[in-house]
Amino acid sequence: MTPVRPAVARRAVAAAVMLAMLAVGGAVPAGAQTGPLEPIALAVSLRLATADAVAAAKWGTPSPIDDPAREAQVLGAVATQAADEGLSAGRVQQIFRDQIEANKEVQRALFGWWSVAPGAAPTVRPDLTQVRPVIDRQNLDILLQLREQEAVLAGPGCVPALVDAAVAVAAEQRLDPLHQATLARALVSICGPVRE
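Residues numbered from 1 in each chain as written. Predicted model: local features only at pLDDT ≥ 70, side-chain atom pairs only at ≥ 80, totals over all residues. Heavy atoms only, no water.

(A) The pattern of salt bridges, seen in detail. In the structure shown here, the tally under the stated rule is ten salt bridges. Close ionic contact of D66 with K104 constitutes a salt bridge, the shortest N to O distance being 2.7 Å. Of the two residues, D66 sits in the loop between α2 (38-58) and α3 (68-84) while K104 sits in helix α4 (residues 89-116), which places them 38 residues apart along the sequence. Residue D66 is classed as partly exposed on the basis of its relative accessible area of 34%. Close ionic contact of E85 with R147 constitutes a salt bridge, the shortest N to O distance being 2.3 Å. Of this pair, E85 sits in the loop between α3 and α4 while R147 sits in helix α5 (residues 128-148), and the two are 62 residues apart along the sequence. Taken together, the shared-partner salt bridges connect D66, E71, E101, K104 and R108 into one network. (Salt bridge = Lys/Arg side-chain N within 4 Å of Asp/Glu carboxyl O. Helix = DSSP H or I, 4+ residues; strand = E, 2+ residues; numbered from the N terminus. Buried < 20%, exposed > 50% of the residue type's maximum accessible area, 1.4 Å probe, protein only.)

(B) Focus on the nonpolar core. Grouped together as the largest cluster of nonpolar side chains are 43 residues, with contacts concentrated most on L37, V92, L146, L183 and I190. For this core, the secondary-structure elements that each account for two or more residues are α2, α3, α4, α5, α7 (158-172) and α8 (177-186). No other element matches α4, which puts nine residues into this core. Those residues in contact with L146 that sit more than four places away from it in its chain are I40, L87, V92, I95, L153, I190 and V194. (Core = buried A, V, L, I, M, F, W, Y, C linked by side-chain atoms within 4.5 Å. Contact = heavy atoms within 4.5 Å.)

(C) Local environment of empty space enclosed by the protein. Enumeration over the complete set of coordinates arrives at one cavity of 30 Å³ or more. Space inside the largest cavity adds up to approximately 220 Å³. Lining the largest cavity are 15 residues, and of these K58, R70, N103, Q107 and I135 lie nearest its centre. The biggest single contributor to the lining of the largest cavity is α4, with four residues. A breakdown of the residues in the lining of the largest cavity according to their chemical character gives six nonpolar, two polar and seven charged. (1 Å grid on protein atoms, 1.4 Å probe; cavity = no way out; pocket = protein on both sides within 12 Å on 5 of 7 lines; lining within 4 Å. Points joined across faces, edges and corners; volume = space filled by probe spheres on them. Nonpolar A, V, L, I, M, F, W, Y, C, P; charged D, E, K, R; others polar.)

(D) Expanded view of the state of the cysteines. Overall, the coordinates contain one disulfide when judged by the stated rule. Between the sulfur of C158 and that of C191 lies a disulfide, 2.0 Å long from S to S. Around the S-S axis, the bridge from C158 to C191 shows a dihedral of about -85° and counts as left-handed. Of the two residues, C158 is situated in helix α7 and C191 in the segment after α8; the sequence distance between them amounts to 33 residues. Of the residues examined, C158 reaches a relative accessible area of 1% and is grouped as buried. (Disulfide = S-S within 2.5 Å.)

(E) Spatial organisation of the packing of aromatic side chains. Tallied over the full model, the rule gives three aromatic pairs. Taken together, a centroid distance of 5.1 Å and an interplanar angle of 80° make the contact between W59 and F111 edge-to-face. Linking W59 in the loop between α2 and α3 with F111 in helix α4, this pair joins segments that are 52 residues apart in sequence. On the accessibility criterion, W59 (22% relative accessible area) is partly exposed. (Phe/Tyr/Trp six-rings, centres within 6.5 Å; stacked < 30°, edge-to-face > 60°.)

(F) Structural context of α8. Considered for burial, the residues of α8 that qualify are H179, Q180, T182, L183, A184 and A186. For α8, the side-chain oxygen to backbone nitrogen distance between the N-cap and L178 is 3.2 Å, and the N-cap itself is D176. (Polar contact = N/O pair within 3.5 Å; in protein donor to acceptor, adjacent residues only side chain to side chain.)

Listed below in structure tokens is the structure:
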């Protein structure tokens, strides 16, 4: 049997999450139970919600969407925290690379929209020094959820549980199509063992 490449597996997870969200149209069936991965999906969604403020802070300034120095700082911090929790630093960094890429996808989409619809552009510029601590807190919450749910994440039922969690969180948070798509992007590497 040919092993599945990680990139192919990540795209399959993203596709499964998106298809499930589209199938239910943002609605969660009545009587639906909270799944084990809803807390991590919610933490990822809340981290992703900061992308709007980051985009607003950067709009109309020379600050680029891509910030390699900040990204390296975040990845270094989560690697250290992962090691402190007994988790695989490399695996945790991959999960957070996906968080960062999803965040940048939101920023790029918003920049694109504001370029063609200037009236929709933000008129208030948030201070990034106030947004970054919020991101850092969400990073810690995601990291703690990775540790707490490591058995589920490493198990064969992770992808279906993650899909259910993403659908529930998308409905609960009333995510628009952009944030649904980027939530799927942010969740692509969540499933799998988190310990070395």
